[in-house]
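What follows is each chain in one-letter form.
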Amino acid sequence: MTGVGCINHNRERSSLSTVSNASALNSKPRSHSINYVSSDYESLDYDHYESELTVREEKLNGYKTVVASNVIRWLIYFSIAICTAVVGIFIDTVIEYFCNWKFQSIRYCIDVKYSTVECLIIWILFTVLPTTVGCCVVLFMEPSAAGSGIPFVISYLNGIRIPRMTAVRCLLVKVISVVCVCIAGLGGGKEGPLIHIGAMVGGSVVEAWWKSLRNGPGRKIIGPLQNDRERRDMMAAGAAAGLSAAFGSPVGGTLMSLEEGTSFWSSSLMWKVFFCAAIAFPTYNAGKNVLFTNNTNPSESVHSKSIYFFGKFNENTIYFSYSEFPIFIIFGIFGGLLGALFVNINYRLSIFRMKHVISNRKKLMESVFVAVFVAIINLTSMILLSNCQTKLEISSSNVVQMYCPAGSYNEISSFWLRTQEENIRSFFHYPIEAYSVVPLLVYCVIYFILTELTVGLNMSAGLFLPSLLIGAAWGRIASIVIHYYSPGTIGNDPGKYALLGAAAQLGGIVRTTISLTVVFIEATGNVQFLLPLMITLFTAKWTGDFFTDGIYEMQIKLSGVPLLVSEPPPLTSDITTEDFMSDTVCAIPHILMVGKLVDILNNTKHNGFPVVASKVCFCRTRNIEHKCYGLLKGFILRSQLNVILEHNLYLTPLHDENYCKKLELLRKSTYTCHDTQQFQRLKVDEDERSIVIDLRPYMNSAPYIVRLETSLPRTFRLFRTLGLRHIVVINNTNEVVGIITRKDLAKFRLWRKAATMGLKEVNVY
Ligand code: ATP
């Protein structure tokens, strides 16, 4: 026995563990499913570090430091916005340059020079080479850069430490990989990764500020900003700036951050996030203007092109009547159904990949296979579908003639030989005769399959734009059909149904509604369409939710992240903390010998410890007898204890000339580095073991607590809204009887869900 209730290397389990097999929480998953919580993810502590030391520092620094910290804070937000926009401009420029080169070469090859087989080889090279580069950098340099990264952002904002989330190498690899995906023409876009990139820029920029100021006279100004909570807010702002730059939608970006991270939202944060998004948008826009003024078509101003990402929808030609409401609802239902189908297939594909595509060699081969498939299917569709289009004058640089007579072009070629942005704008703005049903249908089906295959590859690919393209394609098909049977309904403008199709498809897959509505409004420059968009998006969400989770929620669950969703599990008010807390608590006396403290830390792996006075006793609630571990005095993290012991802080008086340095060390231990903190064995000299240490100045003297009788929904809300890592459970006389962490709640959600589904036991690893 080393401390009050501390048992050697034993992570105490909750009483619920008998039901949920939770004792296996810390081992690796035995099978792949959404019903497990992984022990690989640790929680972040968004609670303020408040101790005797910090209170004294605050008083010493005075109000001037508060003002100076505020100024620095705004400067950090400003630099995050600028950096995100610059990264966005860089990505766009490289993609545009290489895509133009690729498309021109393929066009030249098909129409002027080589045989079909030679063209196919060239096309394959243009897809396989970037795919290989994009996949290799992820696999061999930074595996955490794979995917769109939005699930990571959501998890981080929710309070889960994602290893290497703010590492600069992850940022660089992400940028290279997303550029490669777009150049290869796979079914992935850059918009989702830009949100992750924005968040990473936020994390990296704030760390750079911390590092540059913490050793000089700026130490006392940056001190209060050095914590996970500030970093989280700045990463939320970076994510908003990423979306704002990607879609030209500052309000949409702000709302997206709000919709995905509402657990900690406040009006002052909203203002900062909006500031960041609002700076990123014009910076990105201005940068693109400067870089692309020498466009081949100077009459088409890049400014007008990029200020409305989807191109401006003219209010005089786009209109709707109330009789069209059923059509909007049908669009929403169809989008929701297709979205649910997409998520379901993606789930099965992910399980398959987790089981069978494990080694790096297989992962690379899979990506190359998809790249070859893309090239073959693109060219084959052009050969097999000989729809020749003459009706519309499209810039000849976008199309190939192939087997069509002079003066006409192969219709489906225009889909494959343009960037995703150009395609989406053409779907929204070209007149109805520009595309026929069959090429649109073929494109829609192929792109659906390509996107399914691409999302989940070991590359950085998002699904915003691919989803929009799929939806816009079927929306256009619907508009052609409607136009055929009822020509008066839509006039000659299929753009509005293409827009609604795009909204329905994206809403059906990702299930965000408020932010997407605003993104669409800002990206089209048309407020008039608010009502149809809202109806379609809400219907798509409800329909999709009826069948599956949204894609990000599914991916989060699949990776076992202990996410606390927005609402506590239903029908759980009768469950109180004593049902799921860990009741064998490792508590630390507030005054103890150094040797004893070292033993406690070396013999347990818990990350936080209640600090107690008095002795162990027993108390009784309802019919259960509980062991009490002493009067609660405060709470202290393992990382803080490590610092105290490693730097021998206990050997010198607390308030000596090294006071600031001590505080700095302690503060640094409360915010996290990129990697998961490793358990470290501590050593102290034999003669130091008997020194007495008083933990009171270092501990948080007013930690969050709940009583034994507190219900699960109440505890859940506390955790989620405050972003907590631990809560101490006390009895009527303020004695510690238990402790709860995030995973104790996250696994409970799974158990209850499974229980309502009629399962006896859920897989929790
Ligand atoms: P995180 O790694 O994010 O901090 P965790 O749940 O893995 O979360 P641990 O501190 O390793 O954190 O706790 C594992 C289990 O032990 C949890 O069920 C928790 O309730 C329990 N626990 C946490 N701290 C203590 C403690 N000081 N004494 C006894 N049990 C604890």
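Note that the coordinates shown come from a computational prediction; the quantities given were computed from them, not determined experimentally. (Residues numbered from 1 in each chain as written. Predicted model: local features only at pLDDT ≥ 70, side-chain atom pairs only at ≥ 80, totals over all residues. Heavy atoms only, no water.)

**A closer look at the overall build of the chain**
Scanning the chain from N- to C-terminus turns up 27 helices and 14 strands. By the burial criterion, 60% of the 765 residues in the chain qualify as buried. Intrachain contacts of the chain at a sequence separation of at least 6 include 79% that bridge at least 24 residues. Of the accessible surface of the chain, which amounts to about 30500 Å², a share of 61% is contributed by carbon and sulfur atoms. (Helix = DSSP H or I, 4+ residues; strand = E, 2+ residues; numbered from the N terminus. Buried < 20%, exposed > 50% of the residue type's maximum accessible area, 1.4 Å probe, protein only. Contact = heavy atoms within 4.5 Å. Areas by Shrake-Rupley, 256 points an atom, 1.4 Å probe, with all protein chains shown as cover.)

**As for the site of the ligand**
Neighbouring residues of the ligand: 20 residues in total, closest S43, S582, C586, T741 and D744. S582 has a polar side-chain atom sitting 2.7 Å from an oxygen atom of the ligand. Residue T741 places a side-chain N or O atom 2.7 Å away from an oxygen atom belonging to the ligand. In isolation the ligand exposes 600 Å². Once the protein is present, 99% of that is buried. Secondary structure elements with two or more residues in the shell around the ligand: β1 (42–43), β7 (608–612), β14 (736–741) and α27 (742–756). Here the element with the most residues in the shell around the ligand is β7; it accounts for three residues. Its residues assigned to classes, the shell around the ligand shows five nonpolar, seven polar and eight charged. (Near = heavy atom within 4 Å. Polar contact = N/O pair within 3.5 Å; in protein donor to acceptor, adjacent residues only side chain to side chain. Nonpolar A, V, L, I, M, F, W, Y, C, P; charged D, E, K, R; others polar.)

**Digging into the packing of aromatic side chains**
This structure, assessed with the given rule, holds 28 aromatic pairs. Judged by centre distance (5.5 Å) and plane angle (65°), the ring pair of F415 and F427 falls under edge-to-face. One end of the pair, F415, is in helix α14 (residues 413–416); the other, F427, is in helix α15 (residues 420–429), and 12 residues separate them in sequence. Ring geometry for Y430 against Y435: centres 6.1 Å apart, planes inclined by 25°, an arrangement best described as stacked. Through pairs of rings, three or more aromatic residues link up here, namely F415, W416, F427, Y430, Y435, Y443 and Y447. (Phe/Tyr/Trp six-rings, centres within 6.5 Å; stacked < 30°, edge-to-face > 60°.)

**A short note on the sheet that holds β7**
In space, the three strands of this open sheet follow the order β5-β7-β10, with mixed pairing throughout. Two strands close off the open sheet at either side, each with one partner strand: β5 (588–589) and β10 (632–637). Alignment of β5 against β7, held across two bridges, turns out to be parallel. Note on β7: the bridge partner recorded for P589 is V612. Strands in contact with helix α24 (residues 638–646) are β5, β7 and β10; relative to β10, the strand with the most contacts, it is inclined by about 80°. (Pairing = 2+ DSSP bridges. Axes fitted to C-alpha atoms, helices over the stretch in contact; angles between N-to-C directions.)

**Details of the side chain of S43**
Of note, S43 is situated in strand β1. When sequence neighbours within four positions are dropped, the list of residues in contact with S43 reads G159, I160, R161, R725 and R742.

**Some details on the pattern of salt bridges**
Tallied over the entire structure, the rule returns 20 salt bridges. Its salt-bridge partner being D92, residue K288 comes within 3.0 Å of it at the nearest N-O pair. In this pair, K288 is assigned in helix α10 (residues 267–291) and D92 in helix α2 (residues 52–113), connecting sequence segments 196 residues apart. Residue K288 is classed as buried on the basis of its relative accessible area of 13%. On the accessibility criterion, D92 (5% relative accessible area) is buried. Here D549 makes a salt bridge to K557, at a shortest N to O gap of 3.0 Å. Through salt bridges with shared partners, a single network forms among D92, K190, E191, K288 and E421. (Salt bridge = Lys/Arg side-chain N within 4 Å of Asp/Glu carboxyl O.)

**Comments concerning unusual backbone geometry**
At R511, a residue that is not glycine, the phi angle is positive and equals roughly 65°. By the secondary structure assignment, R511 is in the loop between α18 (495–510) and α19 (514–524). Even without being glycine, N734 reaches a positive phi, approximately 65°. Along the polypeptide, N734 turns up in the loop between β13 (726–730) and β14.

**Digging into the environment of R231**
Of note, R231 is situated in helix α8 (residues 228–247). The sequence separation of R231 and I176 amounts to 55 residues, and the corresponding C-alpha distance is 25 Å.

**As for the packing of α18 against α19**
Where α18 meets α19, the closest approach of the two axes is 11 Å, and the angle between their N-to-C directions is 150°. With respect to α19, the axis of α18 lies roughly antiparallel. Crossing angle aside, the handedness with which α18 passes α19 is right-handed. In this structure, α18 contributes L499, A502, A503, L506, G507 and V510 to the contact, and α19 contributes L516, F520 and T524. Looking at side-chain class alone, the contact of α18 with α19 contains seven nonpolar, two polar and no charged residues. (Parallel < 35°, antiparallel > 145°, perpendicular 65-115°, else oblique. Left-handed = near helix turned anticlockwise from the far one by under 90°.)

**Here's the deal with the sheet that holds strand β12 (residues 705–707)**
On the basis of which strands lie adjacent, the open sheet formed by three strands has the order β12-β13-β14 and mixed pairing. Both edges of this open sheet fall to β12 and β14, since each of them pairs with a single strand only. With strand direction ignored, the average angle separating the axes of adjacent strands in the sheet is 30°. Pairing of β12 with β13, which is carried by three bridges, proceeds in the parallel orientation.

**Description of α18**
Between its terminal C-alpha atoms α18 stretches 22 Å, which fits the 22 Å expected from 16 residues at 1.5 Å a residue. The buried fraction of α18 amounts to 16 of the 16 residues, a majority that puts the element mostly inside the structure. R511, located one to two residues past α18, shows a positive phi value of around 65°. (Expected span 1.5 Å × (residues − 1).)

**Some details on α19**
Counting buried positions over the 11 residues of α19 gives 10, a clear majority of the element. By the burial criterion, the buried members of α19 are S515, L516, T517, V518, V519, F520, I521, E522, A523 and T524. Once α19 ends, the next one or two residues include G525, with phi positive near 65°.

**Digging into the packing of α18 against helix α20 (residues 530–547)**
As a packed pair, α18 and α20 sit with axes 8 Å apart at the nearest point and diverge in direction by 30°. For the pair α18 and α20, the sense of crossing is right-handed. Along the contact surface, α18 presents L500, A503, A504, G507 and G508, while α20 presents P532, L533, T536, L537 and A540. When grouped by side-chain class, the residues that make up the contact of α18 with α20 number seven nonpolar, three polar and no charged.

**Here we look at the nonpolar core**
In this structure, F247, F310 and F464 are the most contacted members of the largest nonpolar core, which totals 178 residues. Excluding residues within four positions of it along the chain, F464 makes contact with I150, E191, G192, I195, L243, F247, M256, L506, L516 and Y552. Grouped together as the second largest cluster of nonpolar side chains are 30 residues, L53, L597, F609 and Y650 included. (Core = buried A, V, L, I, M, F, W, Y, C linked by side-chain atoms within 4.5 Å.)

**Re the confidence of the model for the chain**
With 85% of its residues at a pLDDT of 70 or more, the chain has an overall mean of 82. Every residue in residues 298–304 scores below 50 in pLDDT, and together they form seven contacts with partners more than four places removed in sequence or on other chains. For residues 757–765, every residue scores under 50 in pLDDT, and the model assigns this stretch 35 contacts once sequence neighbours within four places are set aside. Reported confidences for the modelled complex are a pTM of 0.87 and an ipTM of 0.97. (pLDDT = per-residue confidence, 0-100.)

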